[in-house]
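As a plain string of letters, each chain reads:
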Amino acid sequence: MNSNEIKILAIESSCDETAAAVVVNGRDVRSNVISSQIALHTLYGGVVPEIASRKHIEKINQVIGQALSDAGMTLDDMDAIGVTYGPGLVGALLVGVAEAKAISYAKKLPLVGVHHIEGHISANYIENKDLEPPFLCLVVSGGHTHLVKVLDYGKYEILGKTRDDAAGEAFDKVAHEGNPHAVEFPRAKIVDGPYDFSFSGLKSAVLNYLNGCKMKNIPIVQADIAASFQKAVTDVLIGNAMKAIDEFGMDKFAIAGGVASNGTLREGMRAACEKKGVAFYHPSPIFCTDNAAMIGVAAYYDFMRGQRDGLDLNAVPNLKLGER
């Protein structure tokens, strides 16, 4: 083994994926194991926190064992343990945090608590070896919409975030084969927060449109409505991002989070960045959804900055980016 290598075992359990990974020197992912609970929660129409926590307990040792095995390593080879400690479902987070603390204590390994959104941003470093701060990043997932200025590794300035519903929650898991110009839905602008997002009014507009169609017996083309709705969301995301690129004179832009794998958003961002001569980055779909590789990347840079957490590390379900 190369003595210059910093090997990190990373654990992610903030929602309904139990994940572990081995990451070397922050950008070399040696293994990335994800056990998803999607099928289980589909029965209930959403993630049930109690069930998620129980599943994490069942799966976490297996997933870690698999990640070490895939990397051809053991716990004795590790230099540190990185773990998501917030934000997320408190019970789910606690499983990962307790596991990481147990390994840290048993193997006398440094413990590094990682912010989940910092993990999503860091996912961009895995395949884009040339990407270094500063750059702008739009994090879009089922629970979060953040426009962030990445000043340095582990150093962030939040320019804007959602005032209500996250963009991902707005168009998660919907098929969009329709005409995006069929219905002109509103694009919310927030006067006192030029980079903030609001999607609840858009959701209401869709409901009102559907109700209006029913009352007037106008046929509803679901694909057109979904595509028009998606266009309204992506227009706002792209619009705010481009405004920030202009204002801060940034030449690098990245997207991250589950919705970053949405083709319409990705292509729209790519085209908008190209027009401005801005380099555009995004992770592969496997690194967009919740995974431990991204946590290992973030943990490496935190570790190299000297961050160490004690065995009093706790789950913080509403943790803000940049807080410790």
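Residues numbered from 1 in each chain as written. Predicted model: local features only at pLDDT ≥ 70, side-chain atom pairs only at ≥ 80, totals over all residues. Heavy atoms only, no water.

Peer 1: I would appreciate a short explanation of the pairing of strand β9 (residues 252-256) in the present structure.
Peer 2: Of all the five residues making up β9, five are buried; the element is thus mostly covered by neighbouring parts of the structure. Burial of the side chains of β9 extends over both faces: K252, A254 and A256 are buried on one face and F253 and I255 on the other. Alignment of strand β6 (residues 135-140) against β9, held across four bridges, turns out to be parallel. Paired with L138 across the strands is I255, a residue of β9. Where β9 and strand β10 (residues 279-281) come together, three bridges link them in parallel fashion. By the bridge assignment, K252 is partnered in β10 with A279. You can see the chain leave β9, run along helix α9 (residues 263-276) and come back into β10, and the turn it takes is right-handed. (Buried < 20%, exposed > 50% of the residue type's maximum accessible area, 1.4 Å probe, protein only. Helix = DSSP H or I, 4+ residues; strand = E, 2+ residues; numbered from the N terminus. Pairing = 2+ DSSP bridges. Right-handed = clockwise from strand over helix to strand, strands pointing away.)

Peer 1: Is there a simple way to explain the confidence of the model for the protein in this structure?
Peer 2: The predicted coordinates of low-pLDDT regions are not to be read in fine detail. Confidence in the prediction for the protein averages 91 pLDDT; 96% of positions are at 70 or higher. The least confident element of the protein, judged by mean pLDDT, is helix α6 (residues 167-171) at 65; the most confident is strand β1 (residues 7-12) at 98. (pLDDT = per-residue confidence, 0-100.)

Peer 1: Would you mind showing me how to read the pattern of salt bridges here?
Peer 2: For side chains of opposite charge, pairing can occur when their charged atoms come near one another. By the definition in use, this model includes 15 salt bridges. Note that K7 is salt-bridged to D79, the shortest N-O span being 3.8 Å. On the criterion of sequence distance, the pair formed by K7 in strand β1 and D79 in the loop between α2 (49-71) and β4 (80-86) is long-range, its members being 72 residues apart. (Salt bridge = Lys/Arg side-chain N within 4 Å of Asp/Glu carboxyl O.)

Peer 1: Quick question: what am I supposed to make of the pairing of strand β7 (residues 145-152) here?
Peer 2: Looking along a regular strand, one sees side chains alternate from face to face of the sheet. Taking burial as the measure, the eight residues of β7 include six buried ones, the bulk of the element. Between β6 and β7, which follow one another and run antiparallel, lie four residues. Note: β7 against strand β8 (residues 155-161), six bridges, orientation antiparallel. Bridging across to β8, L147 finds its partner in G160. Counted between consecutive antiparallel strands, the loop separating β7 from β8 contains two residues, among which G154 sits at a positive phi close to 75 degrees.

Peer 1: Help me understand the side chain of S122 in this model?
Peer 2: Mapping S122 onto the fold places it in helix α4 (residues 116-122). Not counting chain neighbours up to four residues away, the residues in contact with S122 comprise Y156, M294, V297 and A298. (Contact = heavy atoms within 4.5 Å.)

Peer 1: Before we go on, may I ask you to explain helix α11 (residues 293-304) in this structure?
Peer 2: Owing to its 3.6 residues per turn, the α-helix brings residues three or four apart onto one side. For α11, built from 12 residues, the straight-helix expectation of 16 Å at 1.5 Å per residue is met to within 8% by its first-to-last C-alpha distance of 17 Å. With 11 of 12 residues buried, α11 is to be regarded as a mostly interior element. Those residues of α11 lying buried are A293, M294, I295, G296, V297, A298, A299, Y300, Y301, D302 and F303. Among the residues trailing α11, G306 stands out with phi positive, at a value near 95 degrees. (Expected span 1.5 Å × (residues − 1).)

Peer 1: Is there a simple way to explain the sheet that holds β7 in this structure?
Peer 2: Within a sheet, adjacent strands bond to each other through the backbone by hydrogen bonds, running parallel or antiparallel. Across the sheet, which stays open at both edges, the five strands sit in the order β8-β7-β6-β9-β10 with mixed pairing between neighbours. Two strands in the sheet have a free side with no partner beyond their single neighbour: β8 and β10. Taking the axes of each pair of neighbouring strands and ignoring which way they run, one obtains an average angle of 25 degrees across the sheet. Pairing of β6 with β7 involves six bridges; the strand directions are antiparallel. The residue bridging L136 from the neighbouring strand is K149, located in β7. (Axes fitted to C-alpha atoms, helices over the stretch in contact; angles between N-to-C directions.)

Peer 1: Quick question: what am I supposed to make of the environment of G88 here?
Peer 2: Secondary-structure assignment places G88 in the loop between β4 and α3 (90-107). Taking the C-alpha atoms as reference points, G88 and N318, 230 residues apart in sequence, are found 7.0 Å from one another. Setting aside its immediate chain neighbours within four residues, G88 contacts S14, L93 and P317.

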